[in-house]
Amino acid sequence: NWDGENISFQDFLATTSTTAFLVVRDGVITYEWYGKSINALSKLPSYSMAKTLTSIMIGQLVAEGKITESDTFVQYFPEFKTGGSFDKVTIQSLLDMQSGVGVSDNYPSGPSGWGVAIAQMYATTDLNFFMEHNRKMNWDPGTQSEYRSVDTQMLGFIIKKVTGMSVSDYFSQHVWQPIGAEQSAFWNVDHVGGLEKTFCCFNATARDWARIGALVLNNGAGKVGNANLINAAWMNRLTTAATTLDHGWGYGAQMWHPFEGTSMLLGLHGQYIFIQPSTHVVIVKLSDEPTENGNNEVLTAGVLHDIATAAH
């Protein structure tokens, strides 16, 4: 069902500019489709699905006692102190999109729009410079909720500082290899040897994206050595809504909850990993939709929910 009408599945794929579609039931690929010039080895972008990857790493550091959610950002970066409410931004407020840092996610619709802050963060070759010049606040931390990519980028700063490693190297060792990823992946950085853009920009194959979904579905258990990559407390954090954001969907710890009992990674231009524990299903849908795609997010989530909850 698409916007009140029944359409064919192929029409759904075409309407939403799908590049890859994968269904995994009970750990087995039951459907796999790729668009023109795309195949199982194509490394496709995540956009904001990368935010959940960032949260998984934060959860690991919390579990190890290296950080706590009540820590403030400026505890790790005192050079960014302002003497104002920016200094009160906590890891918790960053996780739940409640920081108040004044970089809104109003993406540009044309060349003139590249002057907006979110576009500058996406294109910058110096994230430290960007952060230094974007510390103004729109509200006190924890008092409002609004989806803002800058929150996730600040979490990426903390991961690098606490681990003493690049985010890519840490993620490779602590998540990507333990889940049994078949292919290498890569994270876009601001410049060679620089910082990963942790609010976006992780690139991987559809099958390996499905392994991320399986990690959440399997309560944080990895494939290699049965490693417990996400502990019970963080699994609860990831799968429980802390607030309500766009479309009235639940959100918490960088994960969406569009329906009761479901979790979803979501990215700009139509990227989805839909996780349905009740039927043990993971769906990966990667796409190349325009920035302005109308009500496609809500409609697509509905289709994915219908597929995920259908009888085996």
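What counts and how
Residues numbered from 1 in each chain as written. Predicted model: local features only at pLDDT ≥ 70, side-chain atom pairs only at ≥ 80, totals over all residues. Heavy atoms only, no water. Helix = DSSP H or I, 4+ residues; strand = E, 2+ residues; numbered from the N terminus. Rg over C-alpha atoms; globule rule 2.2 N^0.38 Å. Buried < 20%, exposed > 50% of the residue type's maximum accessible area, 1.4 Å probe, protein only. Contact = heavy atoms within 4.5 Å. Areas by Shrake-Rupley, 256 points an atom, 1.4 Å probe, with all protein chains shown as cover. Polar contact = N/O pair within 3.5 Å; in protein donor to acceptor, adjacent residues only side chain to side chain. Arc of directions from axis to C-beta. Phe/Tyr/Trp six-rings, centres within 6.5 Å; stacked < 30°, edge-to-face > 60°. Lys NZ or Arg CZ within 6 Å of the ring centre and 35° of its normal. Axes fitted to C-alpha atoms, helices over the stretch in contact; angles between N-to-C directions. Parallel < 35°, antiparallel > 145°, perpendicular 65-115°, else oblique. Nonpolar A, V, L, I, M, F, W, Y, C, P; charged D, E, K, R; others polar.

### Description of the overall build of the chain
Summing up its helical and strand segments, the chain has 11 helices and 11 strands in all. For 312 residues, the compact-globule formula gives about 20 Å, and the C-alpha radius of gyration of the chain, at 19 Å, lands near that figure. Judged by the C-alpha coordinates and their principal axes, the chain covers about 55 × 50 × 35 Å. Residues classed as buried in the chain amount to 54% of the 312 residues present. Considering only intrachain contacts with a sequence separation of at least 6, the fraction spanning at least 24 residues in the chain is 65%. On the chain, roughly 12,900 Å² of surface is accessible, and the fraction owed to carbon and sulfur atoms is 49%.

### Quick look at the environment of Glu-79
Tracing the backbone through its elements, the reader meets Glu-79 in the loop between α3 (73–76) and α4 (91–95). For the pair formed by Glu-79 and Val-284, sequence separation is 205 residues and the distance between their alpha carbons is 40 Å.

### Observations concerning the side chain of His-269
Its place among the elements puts His-269 in the loop between β9 (263–267) and β10 (271–276). Reaching out from His-269, the side chain makes a polar contact with the backbone oxygen of Glu-289 at a distance of 2.7 Å.

### Some thoughts on helix α8 (residues 167–176)
Three or more residues of α8 are buried, namely Val-167, Tyr-170, Phe-171, Val-175 and Trp-176. Angularly, the buried residues of α8 cover 150° about the axis, an arc narrow enough to put them on a single face. Where α8 is buried, its residues touch α2 (50–63), α7 (149–163), β4 (186–187), β5 (202–204) and α9 (206–217).

### A look at the packing of aromatic side chains
Applying the stated criterion across every chain yields a total of 24 aromatic pairs. When the centroid spacing of 6.1 Å and the interplanar angle of 15° are considered together, the rings of Phe-73 and Phe-80 count as stacked. Grouping aromatic residues by their ring pairs yields a cluster made of Trp-2, Phe-9, Phe-12, Phe-21 and Tyr-31. The residue whose ring lies beneath Lys-161 is Phe-77, and the NZ or CZ to ring-centre distance is 4.6 Å. One Lys or Arg, Arg-237, reaches over the ring of Trp-234 and ends 5.9 Å from the middle of that ring.

### Focus on the packing of α2 against α8
Two elements in contact, α2 and α8, have axes whose closest approach is 11 Å; the angle formed by their N-to-C orientations is 75°. Relative to α8, the element α2 is oriented roughly perpendicular. Touching Leu-53, Ile-56, Met-57, Gln-60 and Leu-61 of α2 are Val-167, Tyr-170, Phe-171, His-174 and Val-175, all from α8. When its residues are assigned to classes, the contact of α2 with α8 shows eight nonpolar, two polar and no charged.

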